[in-house]
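# Summary of the model geometry
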Amino acid sequence: MALLPYLGTEIVIPVCAVIGIVFSLVQWYLVSQVKLTTERGGAAAANNGKNGYTDCLIEEEDGVNDQDVVVKCAEIQNAISEGATSFLFTEYQYVGIFMVAFAILIFLFLGSVKSFSTKSQTCTYDKEKLCKPALATAIFSTVSFLLGAVTSVVSGFLGMKIATYANARTTLEARKGVGKAFITAFRSGAVMGFLLAANGLLVLYITINLFKLYYGDDWEGLFEAITGYGLGGSSMALFGRVGGGIYTKAADVGADLVGKVEMNIPEDDPRNPAVIADNVGDNVGDIAGMGSDLFGSYAESSCAALVVASISSFGMTHDFTAMCYPLLISSMGILVCLITTLFATDFFEIKAVNEIEPALKKQLIISTILMTFGIAIVTWTCLPSSFTIFNFGAQKVVKNWELFLCVCVGLWAGLIIGFVTEYYTSNAYSPVQDVADSCRTGAATNVIFGLALGYKSVIIPIFAIAISIFVSFSFAAMYGIAVAALGMLSTIATGLAIDAYGPISDNAGGIAEMAGMSHIIRERTDALDAAGNTTAAIGKGFAIGSAALVSLALFGAFVSRAKISTVDVLTPKVFIGLIVGAMLPYWFSAMTMKSVGSAALKMVEEVRRQFNTIPGLMEGLAKPDYATCVKISTDASIKEMIPPGALVMLTPLIVGTFFGVETLSGVLAGSLVSGVQIAISASNTGGAWDNAKKYIEAGASEHARTLGPKGSEPHKAAVIGDTIGDPLKDTSGPSLNILIKLMAVESLVFAPFFATHGGLLFKIF
């Protein structure tokens, strides 16, 4: 038996979740101490400690602290916040309609499995027992779907709110030095990271306990119903990622092409009409979309692990502590990430620009090392020394140390993927510098080098994922893969804090430029942004790697639940599914890329129109019409996110209903294999082009200075590469990991229906 008793588990999980929420609120309070007013001293003076928010300003004597600048920063922040809030509310209205419609669909499909019968049924894995009726699974799956969807939406919205709350505060702190600005941006990111991780854990835990009141000893039915939670989280994430990605890149491409290339003005120049839409986009795409995405990964990996465990010895012997092992890993992750965050904000102080990126990378390393010990503690206190795991019709004996290795291999594979991503996307290393150097001969060679880099960057992450799969499957079958995915996501709070830090710093730089602050402040915010750009790429690497493991775990749970004993690729039914599934990521990418292109075209035309028709705009004497550009991005993203979303959501339903579970298993395998490769390649290519441009602009090395300055031919070629890469790294690439996860979790939820009524075409012919 496990050392941690039933009551201990009931206390530990919610307490850890509450600690995470309280910690995030403390971080938010500390950020709020940076005042967006011109008052000095007063109540805030009492809080002046090591990271005090009332230190005298370094640039005070340069007139930087004049009242107009602070007021201007507050105005710009309000404009960005209002734009982001209004977009999300519009998006959520459409998504809300989908949410209700899909919930009805889940109820109808799952209820029809046994003709909406209220009679108890024979359990799938223990024929001697009676389990709850199929109608109960339909009702509870629908409820958990709605809970997952709402939690995902709230997570994204809260993240966006704190990001827009913190961006101008980061700009103002940059006047006191780069260290103060870094702490404000990082603490703001931590608010999002901990809120999301803790909320996800708490809601899932409460849902399990409430469902247990009805299901009692029928754990198989209980955890089948819980799979809806992962489906709800990921379906919202799909629309958040795609809609937000189209929004941000339409504005970014429009602002870059006209502002930087045609008019030769800086990136965040207030004369550029698309500049507010661009800053809004950073929040709705990179913060709200990414938050929903990683929440979806966390929810799905937890659900996959719980479903497989419920039909293993944990479920059969009703060992609640061992059953909650995935949740206990996440609980430990919150405590580990809390300690790790203090290393960045309290234990060490950043004094120079070149310390920013190492500080962020140390967060990943420290959290991974501490989590390894955390996993060991959870494994030896919560699991019996030996137990059985369901393995395609048989029970496989597993030792607790083998499961410990499964979680660790996922955790460390995530770190490897993160650092390989950094190597290929950071301008501190030769791959990006080679891409920058290729700009000497124009945009064409820049594009060729960037594509080659993206393809090459797939190699090591795929080997890392392959080794993780082999090790974890060898030790603990599909349960091993599910907990390996959880291992990769166990430090999600730190990963999200680092990820959210990037857009906050990016916005801070834009606000400094628009408020007319001195070049010293802009250099500091640029340094924060450059580090954030690389760590954002690391975050995308984590998301894609974990998506591969999560999808495979869900695939295994689907195969078990659909009662398929083997998936034979040599049978025509499976092979046609395999080849169609491998095509789907290309179809999806084509849709999202074209959406960005058509939205950007409208934006370019509007920005050009304003420069041509508003007298005095270029001279800075007139104010551009920001609202029209915000509206173009909003309308385009809402309209364009529906077809890609429909493709992902309808494919499993159509294939499962008309072609059956064997063909659907082929589709899932094909989309997983091809989707992961394209996602890594697209994200890294886009990240490399972006940082090649920044490398030339910064001119930090002798080599970079030979390619610059801004406005030179190599720089213009780099801007074109960056513009092509924008939809790759921020729309298509990150959205693909949701495609492979969402199709797998949807298939798992609808598996009983497909197994009973699916394959209509093959039944007819």
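The structure contained in this document is the topic of the report that follows. Counting starts from 1 at the beginning of each chain's written sequence and moves along it residue by residue. Reporting in this predicted model follows two pLDDT cut-offs: at least 70 for local features of residues, and 80 or more for side-chain atom pairs to be given and counted; totals over whole chains, interfaces and linings ignore these cut-offs and use all residues. Side-chain measures here rest on the full set of heavy atoms in the structure, leaving out hydrogens and waters.

With that settled, the discussion passes to the nonpolar core. Note on soluble globular proteins: their nonpolar side chains tend to be buried together. Phe182, Tyr325, Ile356, Tyr479 and Phe558 are the most contacted members of the largest nonpolar core, which totals 231 residues. For this analysis, a nonpolar core means a set of buried residues of the types Ala, Val, Leu, Ile, Met, Phe, Trp, Tyr and Cys, connected via side-chain atoms within 4.5 Å. Accessibility here uses a 1.4 Å probe with only protein chains present; expressed as a share of the type maximum, an area under 20% marks a residue as buried, one over 50% as exposed, and anything in between as partly exposed. Val420, Tyr695, Ile696 and Leu728 belong to the second largest nonpolar core, which has 19 residues in total.

Time to look at helix α4 (residues 178-215). Secondary structure is summarised from DSSP: a helix means a run of H or I of at least four residues, a strand means a run of E of at least two, and numbering begins at the N terminus for each. How far a helix is expected to stretch is found by multiplying one less than its residue total by 1.5 Å. Across its 38 residues, α4 extends 55 Å between first and last C-alpha, which sits within 8% of the 56 Å expected from 1.5 Å per residue. α4 sits mainly inside the fold: 33 of its 38 residues count as buried. Among the residues trailing α4, Gly216 stands out with phi positive, at a value near 60°.

Once that is clear, we can look at the side chain of Asp269. Following the sequence through the fold, Asp269 ends up in the loop between α5 (219-262) and α6 (275-310). Judged by its relative accessible area of 7%, Asp269 falls in the buried class. Side-chain atoms alone can form a polar contact between residues adjacent in sequence; in general such a contact is a pair of N or O atoms within 3.5 Å, and within protein one must be able to donate a hydrogen while the other accepts it. A distance of 2.8 Å separates polar atoms of two side chains, one belonging to Asp269 and the other to Arg271. The contact criterion used throughout is that any non-hydrogen atoms of two residues lie within 4.5 Å. The contacts of Asp269, once residues within four sequence positions are left out, are Val275 and Glu513.

Let's shift gears to the packing of α6 against helix α15 (residues 492-514). Axis lines are fitted through C-alpha atoms, for helices just across the contact stretch, and the angle between N-to-C directions can take any value from 0 to 180 degrees. Orientation of α6 relative to α15, taken along the N-to-C sense of each, is 175°, at an axis distance of 10 Å. Accordingly, the angle class assigned to the pair α6 and α15 is roughly antiparallel. On α15, the residues that touch Val275, Ile276, Asn279, Asp282, Asn283, Asp286, Ile287, Met290, Gly291, Leu294 and Tyr298 of α6 are Ile492, Leu496, Asp499, Ala500, Pro503, Asp506, Asn507, Gly510 and Met514. Classification used: nonpolar for Ala, Val, Leu, Ile, Met, Phe, Trp, Tyr, Cys and Pro, charged for Asp, Glu, Lys and Arg, polar for all others including Gly. Residues of the contact of α6 with α15, tallied by class, amount to 11 nonpolar, 5 polar and 4 charged. With respect to orientation, any angle under 35 degrees is reported as roughly parallel, any angle over 145 as roughly antiparallel, any angle of 65 to 115 as roughly perpendicular, and every other angle as oblique.

Disulfides are defined as pairs of cysteine sulfur atoms found within 2.5 Å of each other. By the definition in use, this model includes 0 disulfides. In this structure Cys324 is not part of a disulfide, and its nearest cysteine sulfur, from Cys382, lies 9.4 Å away. Left unpaired, Cys408 is separated from the closest cysteine sulfur, that of Cys406, by 9.4 Å.

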